[in-house]
Amino acid sequence: MGDQKENINYQDENQPKHNDTAAQDKQCCTPDEKEKPPSASNKSEFSDPVYKEIALANGHINRMSKIELSAKLAELKLETRGVKDVLKKRLKSYYKKQKLMQTVQTESISNDTYYEYICVVDFEATCEESNPPGYLHEIIEFPVVLVNTHTLEIEDSFQQYVKPEVNSQLSDFCVQLTGITQETVDKADTFPNVLQKVVDWLKEKELGTKHKYAVLTDGSWDMSKFLNIQCHISRIRYPQFAKKWINIRKAYGNFYKVPRTQTKLTTMLGNLGMKYDGRPHCGLDDSRNIARIAMRMLQDGCVLRVNERMHAGQLMSVSSKAPVEGAPPPHCPHSRN
């Protein structure tokens, strides 16, 4: 639902738990950690002269003006759009990668850092202009945009509308916000049937079997709130393949070192020198624009990795020190007893 999610009142159960500290948030997608002076415990890891060269290059980049940054990026045939901090990060990542590739440490750079595919999901759900306490948001659009992390292209997309059970009549506010009409949802399939179609589509792509993949969302809400509620309403268990995901807002804020107030969808696009393409609050269009941000981050050197998960019905953080794992092969969950 894009930036509209900011207006939803969430219950405490969806607040990050014990291991969801700000310190751990900062661990995700932060290659610049190596730019800091090494501590005694990791001095040997960064004793190679290449790291001194990287630090000197970073110092020079920090002193460059935006015009100088743009000129250097253009000279290197790199993307020149974005605010100054984004341009600095892009240039630093480029030089760091080039320097490391010139050393024997190239072998230590994992080829398994990136998932082969990223599935961007941004649900649309029933809503009111002022959602009353205990309001049940039901998913009414299930989009998936498939990003190939090697080609940095959107390879395919999936979209299905969903018929709500509890809030069967859409509010005028919901119709105006999402562009989804009452006639559309009346003709749509129920959520369990749509989820089965999603699973079949993911299987066709051989995700989780031949190809390593991860789910990516714009914030925590899609998985921890909307999907969680919907599974309870539909009396099915939470799908295993969606229990861990990449929260792009966390990854973006940590990588470009900006506050959370700068991680709304339109703000992220603007800071990267892009404009929203399509209709805001159309789930498929939102997903495509989120995918554009993810692809630009990958291009700028960010290692996108799972940073949130559901555990016992609660939202938790995933430490950047945890092993990188792909989502499991997709299967439809069993019904609840």
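Residues numbered from 1 in each chain as written. Predicted model: local features only at pLDDT ≥ 70, side-chain atom pairs only at ≥ 80, totals over all residues. Heavy atoms only, no water.

## Some points on helix H7 (residues 191–204)
Over its 14 residues, H7 extends 20 Å from the first C-alpha to the last, a length consistent with the 20 Å expected when each residue adds 1.5 Å. Where the residues of H7 are buried, they touch strand E1 (117–120), strand E3 (139–148), strand E4 (153–161) and helix H8 (221–233). Looking one or two places after H7, you find Glu206, whose phi comes out positive at around 60 degrees. (Helix = DSSP H or I, 4+ residues; strand = E, 2+ residues; numbered from the N terminus. Expected span 1.5 Å × (residues − 1). Contact = heavy atoms within 4.5 Å.)

## A look at the environment of Trp221
Mapping Trp221 onto the fold places it in helix H8. With 26 residues separating them in the primary sequence, Trp221 and Asn247 have C-alpha atoms 9.5 Å apart.

## Structural notes on the nonpolar core
Residues Phe123, Phe142, Val144, Phe191, Met223 and Leu227 are the most contacted members of the largest nonpolar core, which totals 42 residues. Contributions of two or more residues to this core are made by E1, E3, helix H5 (172–178), H7, strand E5 (213–217) and H8. Sort the elements by how many residues they give to this core and H7 lands first, with 7 residues. Apart from the residues lying within four places of it in its own chain, the contact partners of Val144 are Cys119, Val120, Val121, Asp156, Ser157, Phe158, Val198 and Trp201. Ala214, Ile246, Cys282 and Ala294 belong to the second largest nonpolar core, which has 32 residues in total. (Core = buried A, V, L, I, M, F, W, Y, C linked by side-chain atoms within 4.5 Å. Buried < 20%, exposed > 50% of the residue type's maximum accessible area, 1.4 Å probe, protein only.)

## A look at the side chain of Asn307
Within the secondary structure, Asn307 is located in the loop between helix H11 (283–299) and strand E7 (308–311). Accessibility expressed as a relative area gives 1% for Asn307, which makes it buried. Within the structure, Asn307 has its side chain in polar contact with the backbone nitrogen of Asn247 (distance 2.7 Å). (Polar contact = N/O pair within 3.5 Å; in protein donor to acceptor, adjacent residues only side chain to side chain.)

## Digging into unusual backbone geometry
The phi angle at Leu152 is positive, at roughly 55 degrees, despite the residue not being glycine. Take Leu152: it is sitting in the loop between E3 and E4. Even without being glycine, Arg235 reaches a positive phi, approximately 60 degrees. Checked against the element boundaries, Arg235 lands in the loop between H8 and strand E6 (244–247). Assessed through its relative accessible area of 48%, Arg235 is described here as partly exposed.

## Description of the confidence of the model for the protein chain
For the protein chain, the mean per-residue pLDDT works out to 86, and 82% of the residues sit at or above 70. Low confidence marks residues 104–112, where pLDDT is under 50. Its contacts with residues over four positions away, or in another chain, come to 8 contacts. (pLDDT = per-residue confidence, 0-100.)

## Let's talk about the packing of aromatic side chains
The description of two aromatic rings rests on the distance between their centres and on the angle between their planes. Inspection of every chain in the model, using the stated rule, returns 6 aromatic pairs. Ring centres 4.8 Å apart and planes at 70 degrees place the aromatic pair Phe255 and Tyr256 in the edge-to-face group. For Phe255, a relative accessible area of 0% corresponds to the buried category. Through a chain of ring-to-ring contacts, three or more aromatic side chains come together here, namely Phe123, Phe142 and Phe191. A cation sits over an aromatic face here: Lys89 above Phe255, 4.5 Å from the ring centre. (Phe/Tyr/Trp six-rings, centres within 6.5 Å; stacked < 30°, edge-to-face > 60°. Lys NZ or Arg CZ within 6 Å of the ring centre and 35° of its normal.)

## Some points on the packing of helix H9 (residues 248–256) against H11
When two helices pack together, their arrangement is captured by the angle between the axes and the distance separating the axes. Contact geometry for H9 and H11: axes closest at 11 Å, N-to-C directions at 35 degrees. As for how H9 packs across H11, the hand of that crossing is left-handed. Contacts from Ile248, Ala251, Tyr252, Phe255 and Tyr256 in H9 reach Ile290, Ile293, Ala294, Arg296 and Met297 in H11. Tallied by class, residues from the contact of H9 with H11 come to 9 nonpolar, no polar and 1 charged. (Axes fitted to C-alpha atoms, helices over the stretch in contact; angles between N-to-C directions. Left-handed = near helix turned anticlockwise from the far one by under 90°. Nonpolar A, V, L, I, M, F, W, Y, C, P; charged D, E, K, R; others polar.)

## Thoughts on the packing of helix H3 (residues 66–75) against helix H4 (residues 84–101)
Where H3 meets H4, the axes come as close as 10 Å, and the angle between the chain directions of the two elements is 40 degrees. The angle between the axes of H3 and H4 places the two elements in the oblique class. Once H3 is placed against H4, the crossing between them reads as left-handed. Taking contact as the criterion, the partners of Lys66, Leu69, Ser70, Lys72 and Leu73 in H3 are, on H4, Lys84, Leu87, Lys88, Arg90, Leu91 and Tyr95. (Parallel < 35°, antiparallel > 145°, perpendicular 65-115°, else oblique.)

## Topic: the environment of Val185
Mapping Val185 onto the fold places it in helix H6 (residues 182–187). Along the backbone, Val185 and Glu141 are 44 residues apart, and their C-alpha atoms lie at a distance of 8.8 Å. With near-sequence residues (within four places) excluded, Val185 lies in contact with Ile140, Val162, Lys163, Pro164, Leu170 and Ile180.

## With respect to H4
An ideal rise of 1.5 Å per residue puts 26 Å on 18 residues; H4 measures up with 26 Å between its terminal C-alpha atoms. If you check which residues of H4 are buried, you get Val86, Leu87, Lys88, Lys89, Arg90, Leu91, Lys92, Ser93, Lys96 and Leu100. In this fold, the buried residues of H4 make contact with helix H2 (49–62), H3, H9, helix H10 (265–271) and H11.

## Focus on the pattern of salt bridges
On inspection of all chains with the given rule, the structure shows 13 salt bridges. Between Asp218 and Arg249 there is a salt bridge, with the nearest N and O atoms lying 2.7 Å from each other. You can see Asp218 sitting in the loop between E5 and H8 and its partner Arg249 sitting in helix H9, a full 31 residues away along the chain. Across the pair, Arg249 and Asp218 agree in class, each one buried. Among the salt bridges present, the one from Lys250 reaches Glu308, with a minimum N-O distance of 3.1 Å. Remark: Glu308 occurs in strand E7 and Lys250 occurs in helix H9; sequence separation between them is 58 residues. Judged by relative accessible area, which is 10%, Lys250 ranks as buried. (Salt bridge = Lys/Arg side-chain N within 4 Å of Asp/Glu carboxyl O.)

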